[in-house]
Amino acid sequence: MTINFEKLGLKEVINASGRMTILGVSKVSENVLTAQRFGGEHFFEMSQLAIQTGAYLAKLLKVEDAQIVSSASAGIAQSVAALIGAGDLYHAYHPYTDKINKREIILPKGHNVDYGTPVEVMVEQGGGQVIEAGYANMCGPDHLEMMITEKTAAILYIKSHHTVQKSMLTVAETATVAKAHKIPLIVDAAAEEDLFKYIQAGADLVIYSGAKAMEGPSAGLVIGKKEYIEWIRLQGKGIGRAMKIGKDNILGFTQAVEDYLVHGSEAGSEMKARMLPFIADLNEISDLSAEVVQDGAGRDIYRASVKVSGEKNAKQVIEELKEKDPAVYTREYQANNGIIEFDVRSVNQSEMTKIVNRLKEIM
Ligand SMILES: *Cc1c(COP(=O)(O)O)cnc(C)c1O
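Residues numbered from 1 in each chain as written. Predicted model: local features only at pLDDT ≥ 70, side-chain atom pairs only at ≥ 80, totals over all residues. Heavy atoms only, no water.

Q: Would you take a moment to explain the overall build of the chain for this structure?
A: Broken down by element type, the chain carries 13 helices and twelve strands. Over its C-alpha atoms the chain spans a radius of gyration of 22 Å, differing by no more than 12% from the 21 Å that the globule rule assigns to 363 residues. The principal-axis extent of the C-alpha atoms belonging to the chain is close to 65 × 50 × 35 Å. Considering the chain as a whole, with its 363 residues, one finds that 51% of them fall into the buried category. Sequence separation of at least 24 residues holds for 69% of the intrachain contacts in the chain that already meet a minimum separation of 6. Summing over all exposed atoms, the chain offers an accessible surface of approximately 17,500 Å²; the carbon and sulfur share of this is 52%. (Helix = DSSP H or I, 4+ residues; strand = E, 2+ residues; numbered from the N terminus. Rg over C-alpha atoms; globule rule 2.2 N^0.38 Å. Buried < 20%, exposed > 50% of the residue type's maximum accessible area, 1.4 Å probe, protein only. Contact = heavy atoms within 4.5 Å. Areas by Shrake-Rupley, 256 points an atom, 1.4 Å probe, with all protein chains shown as cover.)

Next up, the structure:
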């Protein structure tokens, strides 16, 4: 018997929360599954598979080189290790050695966030030591510049909705500081949609998560300067071994990037159009009032924002939605304000109907 929910005693999940690690992030396309299957059914010279898929993606993305890694987190740790070790094999074998003391990674304080794990933990795994620049609510080029010493190995910039957005320097401004001091700049753009912008803005390495915007299988991507990418590959002999990615996912992810460049993400206008009947149905339910809102960080993502009034509060409704099978997971960030958000990027029409029916029972 093949794998299914019942056999393993698992609930089916409707994911109206967005691209969340706790739910498995994304569903992959048929095309990606075919590529994963091809990977699963063949052997490869693995070092060549890494180099050739990297070269293929580098050409598509108009960069010097690229390396597929197991996750964006692995990309952060290995990029940090690569820039500290600078291609030295002794360092790859002794990543935390006292013999190397150029380990400082400068990070704007407002970028030192927890995306499921703190950015700092990944930097330290790579042997880096976080030096915060600026303050909780601001960081400009001067704040960054004053933290540079001869121990600085790299500057790390986190481009994300998780970070402080106001009074923060841009990637281009950061790159200007980095270049003036000949220090490499790493940009973690894990969940971002634009695969070109940050390299164009002057970053030396840019990191993406495979299953977020690109909806690939579990993977990560680092693109940028050829020499630095080679240093990242060297980490496979060291800390990278604990972050190995399988051949099936290397090929599935390569396909996902190619498809993403052709089709892109669903446009916000399409999300709005798909949500219209859903919003109308929700507004028929007593004590619920629904409207369409744009993503708080201004991305081209639209969600149903549902205000809960009456006997039950938003938190109770959110918990009850998770109880039955299929379990419905929503975005919970606004629950304290009595609002439940539904992200429909991974929700189809029949699942929306199931959500409406479930809410009718609950309310
Ligand atoms: C999701 C995320 C990561 C980690 O991505 P994984 O591929 O899950 O390791 C890193 N940084 C930011 C800003 C993220 O949003």
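Q: Whenever I open this one, the sheet that holds strand S12 (residues 339-343) confuses me. Can you help?
A: Strand pairing within a sheet occurs via backbone hydrogen bonds; the two strands may be parallel or antiparallel. Read across the sheet, three strands follow the order S9-S10-S12 without closing on themselves; strand pairing throughout is antiparallel. Lying at the two open borders of the sheet, with one neighbouring strand each, are strand S9 (288-294) and S12. Neighbour-to-neighbour, the strand axes of the sheet open up by a mean angle of 25°, direction not taken into account. Sheet topology places strand S10 (residues 302-308) next to S12; five bridges connect them, and they run antiparallel. The residue of S12 that forms the bridge with lysine 307 is isoleucine 339. Lying on the sheet, helix H11 (residues 268-283) is in contact with S9, S10 and S12; it crosses S9 at an angle near 170°. Sheet strands touched by helix H12 (residues 314-323): S10 and S12. Its angle to S12, the strand with the most contacts, is close to 40°. (Pairing = 2+ DSSP bridges. Axes fitted to C-alpha atoms, helices over the stretch in contact; angles between N-to-C directions.)

Q: What am I meant to see in a nonpolar patch on the surface here?
A: On the surface, a cluster of nonpolar side chains totalling about 420 Å² of accessible area is made up of Ile3, Phe5, Leu8 and Leu10. Structurally, the position occupied by isoleucine 3 is in the segment before strand S1 (13-16). Note on isoleucine 3: relative accessible area 63%, which makes it exposed. (Patch = residues over 30% accessible without salt bridge, like charges linked within 9 Å, V, L, I, M, F, W, Y side chains within 5 Å. Salt bridge = Lys/Arg side-chain N within 4 Å of Asp/Glu carboxyl O.)

Q: Can you walk me through the packing of aromatic side chains in this structure?
A: Aromatic rings in a pair are described by how distant their centres are and how their planes are angled relative to each other. In the structure shown here, the tally under the stated rule is three aromatic pairs. Arranged with centres 6.0 Å apart and planes meeting at 65°, the rings of phenylalanine 38 and phenylalanine 44 form a pair that is edge-to-face. Phenylalanine 44 sits in the partly exposed class, given a relative accessible area of 25%. Aromatic side chains phenylalanine 278 and phenylalanine 342 sit 5.6 Å apart centroid to centroid with 85° between the ring planes, which places their arrangement in the edge-to-face category. On the criterion of sequence distance, the pair formed by phenylalanine 278 in helix H11 and phenylalanine 342 in strand S12 is long-range, its members being 64 residues apart. Its relative accessible area of 3% is what places phenylalanine 278 among the buried residues. The exposure class assigned to phenylalanine 342 is buried, which follows from its relative accessible area of 1%. (Phe/Tyr/Trp six-rings, centres within 6.5 Å; stacked < 30°, edge-to-face > 60°.)

Q: Explanation requested: the layout of surface pockets in the structure shown.
A: The gaps left among the atoms become clear once a water-sized probe is rolled over them. Considering only enclosed or pocket space, the largest pocket measures out at about 890 Å³ in volume. Among the secondary structure elements, those contributing two or more residues to the lining of the largest pocket are helix H3 (72-85) and strand S11 (327-330). In terms of residues, the lining of the largest pocket owes the most to one element, H3, which gives three residues. Looking at side-chain class alone, the lining of the largest pocket contains 19 nonpolar, 17 polar and ten charged residues. Space inside the second largest pocket adds up to approximately 500 Å³. (1 Å grid on protein atoms, 1.4 Å probe; cavity = no way out; pocket = protein on both sides within 12 Å on 5 of 7 lines; lining within 4 Å. Points joined across faces, edges and corners; volume = space filled by probe spheres on them. Nonpolar A, V, L, I, M, F, W, Y, C, P; charged D, E, K, R; others polar.)

Q: When you look at the environment of arginine 345 in this model, what are you seeing that I'm missing?
A: The residue arginine 345 is located in the loop between S12 and helix H13 (349-362) in this model. For arginine 345, a relative accessible area of 17% translates into the label buried. Not counting the four nearest positions on each side in its chain, arginine 345 is found in contact with Gly18, Arg19, Glu266, Met271, Arg274, Ile301, Arg303 and Arg331. Of the polar contacts made by the side chain of arginine 345, one reaches the side chain of aspartate 343; its length is 2.8 Å. (Polar contact = N/O pair within 3.5 Å; in protein donor to acceptor, adjacent residues only side chain to side chain.)

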